[in-house]
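# Remarks on the overall topology
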Amino acid sequence: MAIYPSMKYNYYQNIKCVEVKMRSFIRLTDFNISDLLEIFEIAENIDKYPNFLKDKTVVMFFPSNSIRTRVSFEKGIYLLGGQSILFDPATLDKKEDIKDVFGYLQNWADAVVIRHKDINLLDKISTVTDIPVINALTDENHPCEMMSDLYSISKLRSSYLEDEYLFVGAAGNIGKAWKEASEAFGFSLSQCSPSEYAIPDVKHGTNLSKLISGKDIICTDSIPQEILNDFKSYQITKDIMTQANDGAILNPCPPFYRGEEVSENVIDSDFFVGYAFKNNLLRIQQAILIYCLSH
């Protein structure tokens with residue numbers, strides 16, 4: 001039977017109606033804790049997913065200065081049997097409507113991983129496409145990094161959800177990401193910084209020696225050069241760490257800078273979680289892809 005243009009159009013519309021919209025990963029607070037722990041479980045058993053991405057393509061948008069997140073995503077996709085295609089995120093900042101960009105792109109991509117300043121752009125993309133949108137960092141949060149850190153902390157401390165967390169730094173995307181993680185997982189978080197850099201709705205103090213007492217997990221972020229002088233009394237040193245709880249650990253967000261937010265001697269001490277701590281970024285990001293493409 002001949003298929004006329006109008007009949008062909010209706011045929012493809014019928015196919016479209018049964019397509020399933022996959023779940024995106026933009027904010028940890030979009031999930032309940034059982035969802036997030038399911039991702040941990042997938043990561044724990046990642047060897048059970050050989051070739052999960054066989055014949056699948058993940059399109060990635062990363063700037064040229066991205067190292068850890070990009071390398072671990074690319075390798076993770078490769079190890080799962082998939083193909084990655086890389087663009088600069090500036091490619092998304094164009095006159096063409098984002099709905100039209102992804103209306104075409106989802107013909108060939110099975111998921112997209114995006115590092116972009118504007119989280120609202122990721123939200124918009126997730127509403128106009130059926131494929132998963134995975135947040136690889138915005139100015140508001142860094143959910144993959146938080147998942148990796150908490151998974152790694154869970155390997156060091158079985159009490160990680162009952163531990164007391166302290167973030168020392170300004171109200172940037174990493175501080176906001178720790179707030180988001182505390183809300184999603186339900187652990188206790190405090191912040192220490194000058195008052196003008198407080199994160200809204202987070203317990204806050206300005207006295208580092210006082211606030212670090214009773215804490216188990218100390219987290220930092222690099223300090224922008226223009227406010228570095230404001231944080232000169234907030235550097236995490238080996239002496240400061242001895243005032244935290246026994247067994248406390250220091251988890252600085254890379255890139256960290258010795259002599260700025262952390263001292264040379266604390267990075268060279270047993271308090272520092274170490275470089276291998278971030279090794280789990282690979283399997284966590286694999287697990288996030290598997291979770292999103294399965295739900």
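Below: a short report on this structure. (Residues numbered from 1 in each chain as written. Predicted model: local features only at pLDDT ≥ 70, side-chain atom pairs only at ≥ 80, totals over all residues. Heavy atoms only, no water.)

A separate point is the pairing of strand β8 (residues 217-220). Burial along β8 is two-sided: Ile217 and Cys219 facing one way and Ile218 and Thr220 facing the other are all buried. Pairing of strand β5 (residues 164-168) with β8 involves four bridges; the strand directions are parallel. Across the sheet, Leu166 pairs through a bridge with Ile218, a residue of β8. (Buried < 20%, exposed > 50% of the residue type's maximum accessible area, 1.4 Å probe, protein only. Helix = DSSP H or I, 4+ residues; strand = E, 2+ residues; numbered from the N terminus. Pairing = 2+ DSSP bridges.)

Before going further, it helps to spend a moment on the environment of Leu92. Residue placement: Leu92 occurs in the loop between β2 (83-87) and α4 (98-105). C-alpha separation for the pair Leu92 and Ile114, spaced 22 residues apart in sequence, amounts to 9.8 Å. The residues contacting Leu92, other than those within four sequence positions of it, are Phe61, Ile98, Phe102, Ile114, Leu121 and Ile125. (Contact = heavy atoms within 4.5 Å.)

Moving on: the sheet that holds strand β6 (residues 188-192). Pairing between sheet strands relies on hydrogen bonds along the backbone, with the strands arranged either parallel or antiparallel. With parallel pairing, five strands are arranged side by side in an open sheet as β7-β6-β5-β8-β9. On the outer flanks of this sheet lie β7 (203-205) and β9 (249-252), each paired with one strand and no other. Averaged over all pairs of adjacent strands, the angle between their axes in this sheet comes to 25 degrees, without regard to strand direction. Relative to β9, β8 runs parallel, the two being bridged by four bridges. Note that in β9 the partner of Ile217 across the bridge is Ile249. Together, β5, β8 and β9 form the strand contacts of helix α6 (residues 143-156), whose direction differs from that of β9 by roughly 165 degrees. The sheet contacts of helix α7 (residues 173-185) involve β5, β6, β8 and β9, and relative to β5 the element is tilted by about 165 degrees. (Axes fitted to C-alpha atoms, helices over the stretch in contact; angles between N-to-C directions.)

Once that is clear, we can look at the packing of helix α2 (residues 33-44) against helix α11 (residues 280-294). Packing of α2 against α11 leaves a shortest axis separation of 8 Å and a crossing angle of 120 degrees. In this structure, the crossing between α2 and α11 has a hand that is right-handed. Contacts between α2 and α11 involve Asp35, Glu38, Ile39, Phe40, Ile42, Ala43 and Glu44 from the former and Arg283, Ile284, Ala287, Ile288, Ile290 and Tyr291 from the latter. The residue makeup of the contact of α2 with α11, split by class, is nine nonpolar, no polar and four charged. (Left-handed = near helix turned anticlockwise from the far one by under 90°. Nonpolar A, V, L, I, M, F, W, Y, C, P; charged D, E, K, R; others polar.)

What follows is about the environment of Glu74. Within the element layout of this structure, Glu74 appears in helix α3 (residues 68-79). With eleven residues separating them along the chain, Glu74 and Ile85 place their C-alpha atoms 8.9 Å apart.

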